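# Architecture at a glance
One-letter residues, chain by chain:
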Amino acid sequence: MTSASFTKSTSPVAGNLTMGGVLRSEWTKFRSVRSTWWLLSMTVILLVGLGVIVVVLEVNTGAPKQQPPYQVAQQIEFGALITQLVLGVLGILMFTGEYGSGMIRISVSVVPRRLMLLWAKLSVLCVVVLPLTLVSSVVAFMLGEFAWQSHRGLKPVGFGDPQVTRIVIGSALVVAVTAVCGFGMGAIIRSTAGSIGALVGIFFVLPLVAQAALPRGVAGLARFLPSNAGDALWGGTIGPRSMTPWSGFALLCGYAVALVAVAAWRLRRGDA
Amino acid sequence: MIEVENLTKRYGDKVAVDGLTFSVAPGVVTGFLGPNGAGKSTTLRMIAALDVPTSGRVRVNGRDYRSSPAPMAELGLLLEAKAVHPGRSARDHLLAIGQTAGIGKARVNEVIEMVGLGDVARKRVGGFSLGMGQRVGIAVALLGRPRTVVMDEPVNGLDPEGVRWIRALLRTLADEGCTVFYSSHLMSEMAQTATNLIVIGRGRLIACSTVEQFIAKTTATSVVVRSPEAARLRGLLGRADVRIAPDGPDLLRIDGITPEEVGTIASQAGVPVFDLRVERASLEEAFMQATHDSVEYGATGLENL
Ligand SMILES: Nc1ncnc2c1ncn2[C@@H]1O[C@H](COP(=O)(O)OP(=O)(O)OP(=O)(O)O)[C@@H](O)[C@H]1O
Ligand SMILES: [Mg+2]
């Protein structure tokens, strides 16, 4: 440590704050903690692995029946359910990781136009998560279909079937949008534990509670819960109790947008 | 240059900062003092636009910090130590912060060497000691070569070598023309580093002056004389505005008179003088004197220990 070295420095003074710079900064933050890579690996393993295991078990035990293609696709993409939680946590950590360590104060002090921080984080999350879930989902389907097809007597499911396409793409979209919901919750609640509690409560517990406790007349309201709305796109059986696939997905996106909007409002006007 | 005008911050019922007005000039080191809970950290957070003032305003280098095109060139900030994700390396931490302003690896490495973390820059910060974490924070503050540096208790946790280093650092920055504003509870350290002082208590301004003026204004400066004829000298000095306290058989402590006067009177009367010196209070004594009314979280005596 020499006190002379800072006087002799020839480094330039810091440049302007730019969106490109903030994006690079957020990417560095994102890639430089292990939890990111754990959660992304788990995403691939669960999304690809779980469905394939289900299909392999199905075709190898007992006498598998020919099923309608959409049901097979739903089985293959079964891992998406639990992956919602994994990527929801990844989304949560984007902000709570900084609040937990106190780093948020540094981040906001170098990016005093705070919304730039929010948009950059959200961009990094989406740019990583969306392609990853889409690719995993398609790979899962290809492997699952291979397992299904290789068994004697079972017809291929076929990606061309519009319902199958919707389920394969839709499960990936729902998982990605859930990550954005987690992102919003984390930015609003600011604590990791609290946000995970909220995510599990809203996405996993509330639908069960609603199913068990809602009186008959209003039981239909349960379909507007975020996880049930998302489920309509890929996992649910279509019926009077469920939303139509794309309106369900639109509602889930609406929840995500609302959460991010509240997060932006809170970040912008309050104390960091 | 930092200008604070009528700054007030309320948290619910609690008024943390209460109508503060002061400015911090470039080119000198300015210390920020106050008892626990006086509102120092809150003020520093408002200067950095982290906390939103309830009323009043702050200008950094003549403008609202939030509208600066190049924030990292304006203000370098150190708040709490170790405000780093524990799983991230010091190098990635600094790189991420620097990238917002186009600062690259070369400057990051330079700053890491400067604060003495060259050997551990690639290690996870979670394993760092308090002092190492503090050095990471100092590196962050220096990264953008800012015109104004604000630090909250930067000396906290540093070893003696680190304390000397940061003293040299702050003074060198000021000599280069930087505005340097930092808080500390270590009075002797502050006395050696700072030229100017802002003192607050319970969120209000108590003093804003140079260290010397602060000590002179708050505490008495005494003349201490040692003489075998102390009793006779005491009689010669008897004046309404002079207070004399015997401080031993041949020692007098005299307030309200200059050493020149004492020396002249003694020599005219032929009183031998063995020692004649001026005793100034320390910054710590002056601080205790100035803030004893505004200590909020004072400990009680040790009688019940
Ligand atoms: N976020 C907050 N919410 C509520 N009260 C707060 C908050 N931050 C500070 N305070 C209160 O404001 C007062 C000033 O606190 P501050 O941390 O600014 O003091 P300080 O001068 O830095 O003290 P110390 O020397 O102990 O660091 C304290 O009474 C504190 O409890
Ligand atoms: Mg403090």
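See the structure shown above.
First things first, this report covers the structure right here in the doc. Residue numbers run consecutively from 1 along every chain, following the written order of its sequence. Throughout, the order in which chains and ligands are written sets their labels, letters from A for the former and numbers from 1 for the latter. The predicted origin of the model limits local features to residues at a pLDDT of at least 70 and limits the giving and counting of side-chain atom pairs to 80 or more, whereas totals for whole chains, interfaces and linings rest on all residues. The basis for every side-chain value is the complete set of heavy atoms in the structure, and neither hydrogens nor water enter the calculation.

### Here we look at the overall build of chain B
Only DSSP runs of H or I reaching four residues or more are called helices, and only runs of E reaching two or more are called strands; each is numbered from the N terminus. For chain B, the helix and strand inventory stands at 11 helices and 13 strands. For the C-alpha atoms alone, the extent of chain B along its principal axes is close to 75 × 45 × 45 Å. The rule is simple: take the accessible area with a 1.4 Å probe, protein chains only, and divide by the maximum for that residue type; under 20% is buried, over 50% is exposed, in between is partly exposed. Split into buried and exposed, the 305 residues of chain B put 50% on the buried side.

### Thoughts on the interface of chain A and chain B
In this complex, chain A contributes 43 residues to the contact, which on the side of chain B involves 51 residues. For the pair chain A and chain B, the summed buried surface comes to about 3,900 Å²; carbon and sulfur atoms form 58% of the total. Criterion for a salt bridge: a side-chain nitrogen of Lys or Arg within 4 Å of a carboxyl oxygen of Asp or Glu. The interface formed by chain A and chain B includes 3 salt bridges. For A:Arg31, the salt bridge goes to B:Asp92, with nearest N and O atoms at 3.5 Å. Whenever a nitrogen or oxygen atom comes within 3.5 Å of another N or O atom, the pair is scored as a polar contact, on the condition that within protein one atom can donate a hydrogen and the other can accept it, and that pairs from neighbouring residues in sequence are kept only if both atoms are in side chains. At the boundary of chain A and chain B, one finds 17 residue pairs in polar contact (both at pLDDT 80 or more). Elements supplying a minimum of two residues to the side of chain A that touches chain B: helix H1 (5-8), helix H2 (19-31), helix H5 (80-101) and helix H6 (103-110) of chain A. Among the elements that make up the side of chain A that touches chain B, the one with the highest residue count is H2(A) (7 residues). By the convention used here, residues are in contact when the closest approach between their heavy atoms is within 4.5 Å. Note: buried area is the sum, over both parts, of the accessible area (probe 1.4 Å) each one loses when the two are combined.

### Regarding the site of ligand 1
Residues and elements named next belong to chain B. Neighbouring ligand 1 are 15 residues, the closest being Gly37, Lys40, Ser41, Thr42 and His185. Here an oxygen atom of ligand 1 sits 2.5 Å away from a polar atom, N or O, in the side chain of Thr42. Computed with a 1.4 Å probe, the accessible areas rest on the Shrake-Rupley method; for each residue, only the protein chains presented here act as cover. Protein chains bury 66% of the 630 Å² of accessible surface belonging to ligand 1 in isolation. In terms of residue count, helix H1 (residues 40-47) provides more of the shell around ligand 1 than any other element does, 4 residues in total. Partitioning the shell around ligand 1 into residue classes produces 5 nonpolar, 6 polar and 4 charged. We define proximity as follows: a residue is near a molecule or strand when any one of its heavy atoms falls within 4 Å of that partner. Residues are grouped as follows: nonpolar covers Ala, Val, Leu, Ile, Met, Phe, Trp, Tyr, Cys and Pro; charged covers Asp, Glu, Lys and Arg; every other residue, Gly included, is treated as polar.

### Some remarks on the environment of B:Val52
Along the polypeptide, B:Val52 turns up in the loop between H1 and strand S4 (55-60). Sequence-wise, B:Val52 and B:Thr42 are 10 residues apart; in three dimensions their C-alpha atoms are separated by 9.9 Å. Residues within four places of B:Val52 in sequence aside, it is in contact with A:Arg269, A:Gly270, A:Asp271 and B:Lys9.

### Digging into the sheet that holds strand S7 (residues 179-183) of chain B
Residues and elements named next belong to chain B. Any two strands between which DSSP finds at least two bridges are classified as paired. Across the sheet, 6 strands lie side by side as S5-S6-S7-S3-S8-S9; this open sheet has mixed pairing. The open sheet terminates on both sides in strands that have one partner only, identified here as strand S5 (75-78) and strand S9 (204-210). Looking at each pair of strands side by side, their axes are set apart by 15° on average, direction ignored. As defined by bridge partners, strand S3 (residues 29-33) adjoins S7 across 4 bridges and the pair is classed as parallel. To define axes, lines are fitted to C-alpha atoms, for helices over the stretch in contact only, and angles between the resulting N-to-C directions are given on a 0 to 180 degree scale.

### Quick look at the side chain of A:Thr43
By the element assignment, A:Thr43 lies in helix H3 (residues 34-60). When its relative accessible area of 0% is taken as the criterion, A:Thr43 is described as buried.

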